[in-house]
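Now for the letters of each chain:
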Amino acid sequence: MLPTLESLSAALGGLAGRRVLLRADFNVPLGDDGRIADDFRIKAALPTIGWLVAQGAEVVACSHLGRPEGKPDSRYSLAPVRARLGEFAPGVELLENLRFDAGETGNDDRLAQRLVDGCHGYVNDAFGASHRSHASIVGPPRYVPSAAGRLLAKEAEVLLGLRAKPKRPFVAVLGGAKVSDKLGVIDALLKTADEVLVGGGMCFTFLAALGHPVGGSLLQGDQIEACGRLLQSGAPIRLPSDITALAPGERVVQAGVELHPDWRGLDIGPGTAAEFGDLIATAGTVLWNGPMGLFEDPRFAAGTKAVAQALAASRAFTVVGGGDSAAAVRQFGLDREMDHVSTGGGASLELIEQGDLPGLRALRESAGTGGEDRDG
Ligand code: ADP
Ligand code: MG
């Protein structure tokens with residue numbers, strides 16, 4: 001059990017006038033002009049902030065943004081986020097980018113102590129950063145009563161529910177660029193999913209393992225063996241039966257799974273999109289991670305869009321995880337049609353894979369909020 005906001009309030013005898021450190025994930029995408037391109041991560045923290053403020057707490061928020069190298073770097077200032085946050089939640093303080101201090105990624109205990117200095121409690125709502133053993137994630141629960149925010153609690157409940165008791169059939173749809181990023185999660189999903197549908201750039205390493213020529217498509221030669229072993233194990237993995245490819249002269253061609261040496265497979269074909277759509281339509285639970293093709297190019301967005309639409313129309317409990325897949329769903333305007341769109345890319349995969357995260361563990365082990373004696 002993760003300690004809740006309510007248990008934190010109880011541990012502190014109420015939150016009125018209490019100073020609470022909130023670790024949020026305000027790692028928002030910034031446009032070339034340095035402006036916030038998408039503020040969904042700020043909005044996602046508002047239920048927790050709103051609750052804390054309504055209880056009378058004084059909220060000090062902190063976050064990282066991008067990858068500054070352990071020293072102040074104006075390109076990664078949280079100033080634009082502070083301005084936007086001020087519109088939604090006036091009066092909430094926001095510290096400067098945690099990664100301006102090398103102690104954040106180095107998990108320096110002195111940084112954790114500085115962060116909690118003067119604070120009575122700590123709330124982690126930064127799901128997207130909770131797979132990292134960074135100072136602001138694992139440090140504060142050692143010093144002050146701590147709790148999971150609403151977003152973190154929801155993410156943990158939904159994603160752990162996929163491992164524990166998915167409504168069947170449970171269909172996992174996986175895509176994205178690199179198969180090496182996803183083999184761990186495929187392994188974990190094969191223990192619980194009824195079908196694993198594979199598209200995206202990663203399908204070509206599987207197709208190559210079956211001996212199909214994949215032309216100039218994405219291919220990870222050092223993963224062919226691992227993919228071949230998975231296929232031979234009889235695992236319920238479904239691969240595309242047709243591919244949309246780019247041929248010389250910027251020609252878009254439809255092919256089966258045997259690609260000409262000059263062709264690059266950049267999307268699943270319409271036949272595969274329909275097959276995947278049928279399986280999604282009759283599922284009880286669907287987890288989708290990773291685009292089916294190079295969806296940033298409209299010529300190769302059809303497969304990703306078809307899968308997004310199939311999820312939107314399905315009666316299944318639908319979960320989208322992964323930064324780019326979530327972005328695709330928002331781009332198609334279908335995010336509200338999903339039961340859950342995870343705010344964490346790496347974190348959602350790691351939670352499904354491992355069943356736990358360093359940030360969750362730290363909250364459970366935190367003294368004083370009742371989380372420590374109710375494990376699981
Ligand atoms: P997520 O962030 O959802 O986990 P990934 O980061 O694994 O997804 O992969 C997303 C990227 O994969 C996207 O930029 C997309 O264009 C790319 N991609 C998907 N399929 C292909 C393909 N067939 N060829 C090249 N790139 C692809
Ligand atoms: Mg990604």
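Look a little higher up for the structure.
The notes below deal with the structure included here. Everything numeric here is computed off the predicted structure, so don't read it as measured data.

## Overview of the overall build of the protein chain
(1) Moving on: For the protein chain, the count of helices and strands is 15 helices and 14 strands.
(2) Moving on: For a compact globule of 376 residues, the expected C-alpha radius of gyration is about 21 Å, and the protein chain comes in at 22 Å, within 12% of that figure.
(3) Moving on: Considered along the principal axes of its C-alpha atoms, the protein chain spans approximately 65 × 45 × 35 Å.
(4) Moving on: Put simply, 72% of the contacts in the protein chain that link residues at least 6 apart link residues at least 24 apart.
(5) Moving on: Of the accessible surface of the protein chain, which amounts to about 15800 Å², a share of 49% is contributed by carbon and sulfur atoms.
(6) Moving on: Across the protein chain, 37 positive and 46 negative side-chain charges occur, with their mean positions spaced 2 Å apart.

## Observations regarding the pairing of strand β10 (residues 251–255)
(1) Moving on: Relative to β10, strand β9 (residues 243–247) runs antiparallel, the two being bridged by 5 bridges. If you follow alanine 247 over to β10, its bridge partner there is arginine 251.
(2) Moving on: Here β9 folds back onto β10 in antiparallel fashion, the turn holding 3 residues, of which glycine 249 has a positive phi close to 80°.

## Quick word on the site of ligand 1
(1) Moving on: Taken together, 19 residues lie near ligand 1, and Lys182, Gly201, Glu296, Asp324 and Ser325 sit nearest.
(2) Moving on: Lysine 182 places a side-chain nitrogen or oxygen 2.9 Å from an oxygen atom of ligand 1.
(3) Moving on: Here an oxygen atom of ligand 1 and a side-chain polar atom of glutamate 296 are 2.5 Å apart.
(4) Moving on: Within the complex, the protein chains bury 83% of what would otherwise be the 580 Å² of accessible surface of ligand 1.
(5) Moving on: Elements that contribute at least two residues to the shell around ligand 1 include exactly β11 (264–268) and α13 (323–331).
(6) Moving on: Taken together, the residues of the shell around ligand 1 break down into 6 nonpolar, 10 polar and 3 charged.

## Comments concerning the sheet that holds β10
(1) Moving on: Within the open sheet, the 3 strands sit side by side as β10-β9-β11. Their pairing is antiparallel. Only two strands of the sheet have a single partner each, and these edge strands are β10 and β11. The sheet shows a mean angle of 35° between the axes of neighbouring strands, direction not considered.
(2) Moving on: Against the sheet, helix α11 (residues 270–281) makes contact with β9, β10 and β11, and its axis sits at roughly 35° relative to β11, the strand it touches most.

## Re the environment of serine 314
(1) Moving on: Residue placement: serine 314 occurs in the loop between α12 (302–313) and β13 (317–321).
(2) Moving on: Serine 314 sits in the buried class, given a relative accessible area of 11%.
(3) Moving on: The spacing of serine 314 and alanine 226 is 88 residues in sequence and 32 Å in space, taken between C-alpha atoms.
(4) Moving on: With sequence-adjacent residues up to four places away left out, serine 314 is seen in contact with Ile280, Ala281 and Ala283.

## Quick word on unusual backbone geometry
(1) Moving on: Looking along the chain, the bond that leaves arginine 168 and enters proline 169 is cis, with omega of -5°.
(2) Moving on: Phi at asparagine 107 is positive, roughly 50°, even though this residue is not glycine.
(3) Moving on: Within the secondary structure, asparagine 107 sits in the loop between β3 (93–94) and α5 (109–116).
(4) Moving on: Despite not being glycine, glutamate 250 shows a phi value in the positive range, around 55°.
(5) Moving on: Take glutamate 250: it is sitting in the loop between β9 and β10.
(6) Moving on: Using a relative accessible area of 54% as the deciding quantity, one classes glutamate 250 as exposed.

## So, the packing of α11 against α12
(1) Moving on: With their axes 9 Å apart at the nearest point, α11 and α12 run at an angle of 20° to one another. Relative to α12, the element α11 lies roughly parallel. In this structure, α11 meets α12 at a crossing whose hand is right-handed. Residues Ala273, Gly277 and Ile280 of α11 touch α12, and the partners they reach there are Ala306, Val307, Ala310 and Leu311.
(2) Moving on: Tallied by class, the residues present in the contact of α11 with α12 amount to 6 nonpolar, 1 polar and no charged.

## Section: the packing of helix α7 (residues 150–164) against helix α14 (residues 346–354)
Working note: a packed helix pair is described by the angle between its axes plus the distance between those axes.
(1) Moving on: Axis separation between α7 and α14 bottoms out at 9 Å; the angle between their running directions is 45°. Judged by the inter-axis angle, α7 sits oblique to α14. The crossing of α7 and α14 is right-handed. Contact residues: α7 offers Glu155, Ala156, Leu159, Leu160, Leu162 and Arg163, while α14 offers Ser348, Leu351, Ile352, Glu353 and Gln354.

## Here's the deal with the nonpolar core
(1) Moving on: Core analysis: the biggest nonpolar cluster contains 60 residues, and Leu183, Leu189, Val198, Phe206, Leu207, Ile237 and Ile243 have the highest contact counts within it.
(2) Moving on: Each of domain 1 (5–151 + 357–370) and domain 2 (168–315) contributes no fewer than three residues to this core.
(3) Moving on: Beyond its immediate chain neighbours, meaning those up to four positions away, valine 198 contacts Leu174, Cys203, Phe206, Ile237, Arg238, Leu239, Pro240 and Phe276.
(4) Moving on: Core analysis: the next-biggest nonpolar cluster, separate from the first, contains 27 residues, Leu5, Leu8, Leu15 and Phe26 among them.

## Focus: the pattern of salt bridges
Pairs can form between side chains of opposite charge once their charged atoms are near each other.
(1) Moving on: Within this structure, the stated rule accounts for 20 salt bridges.
(2) Moving on: Salt-bridge contacts for glutamate 93 lead to arginine 19; the nearest nitrogen and oxygen are separated by 3.8 Å. Of this pair, glutamate 93 sits in strand β3 while arginine 19 sits in strand β1 (residues 19–23), and the two are 74 residues apart along the sequence.
(3) Moving on: The exposure class assigned to glutamate 93 is partly exposed, which follows from its relative accessible area of 36%.
(4) Moving on: Of the charged contacts in the structure, one is a salt bridge between aspartate 356 and arginine 364, with a shortest N-O distance of 2.8 Å.
(5) Moving on: Judged by relative accessible area, which is 17%, arginine 364 ranks as buried.
(6) Moving on: Overlapping salt bridges bring together Arg19, Glu58 and Glu93 as one network.

Reading guide: rules and limits
- Residues numbered from 1 in each chain as written.
- Chains lettered and ligands numbered in written order.
- Predicted model: local features only at pLDDT ≥ 70, side-chain atom pairs only at ≥ 80, totals over all residues.
- Heavy atoms only, no water.
- Helix = DSSP H or I, 4+ residues; strand = E, 2+ residues; numbered from the N terminus.
- Rg over C-alpha atoms; globule rule 2.2 N^0.38 Å.
- Contact = heavy atoms within 4.5 Å.
- Areas by Shrake-Rupley, 256 points an atom, 1.4 Å probe, with all protein chains shown as cover.
- Lys, Arg positive; Asp, Glu negative; His and termini not counted.
- Charge placed at Lys NZ, Arg CZ, Asp CG, Glu CD.
- Pairing = 2+ DSSP bridges.
- Near = heavy atom within 4 Å.
- Polar contact = N/O pair within 3.5 Å; in protein donor to acceptor, adjacent residues only side chain to side chain.
- Nonpolar A, V, L, I, M, F, W, Y, C, P; charged D, E, K, R; others polar.
- Axes fitted to C-alpha atoms, helices over the stretch in contact; angles between N-to-C directions.
- Buried < 20%, exposed > 50% of the residue type's maximum accessible area, 1.4 Å probe, protein only.
- Parallel < 35°, antiparallel > 145°, perpendicular 65-115°, else oblique.
- Left-handed = near helix turned anticlockwise from the far one by under 90°.
- Core = buried A, V, L, I, M, F, W, Y, C linked by side-chain atoms within 4.5 Å.
- Domains from an automatic or database assignment.
- Salt bridge = Lys/Arg side-chain N within 4 Å of Asp/Glu carboxyl O.

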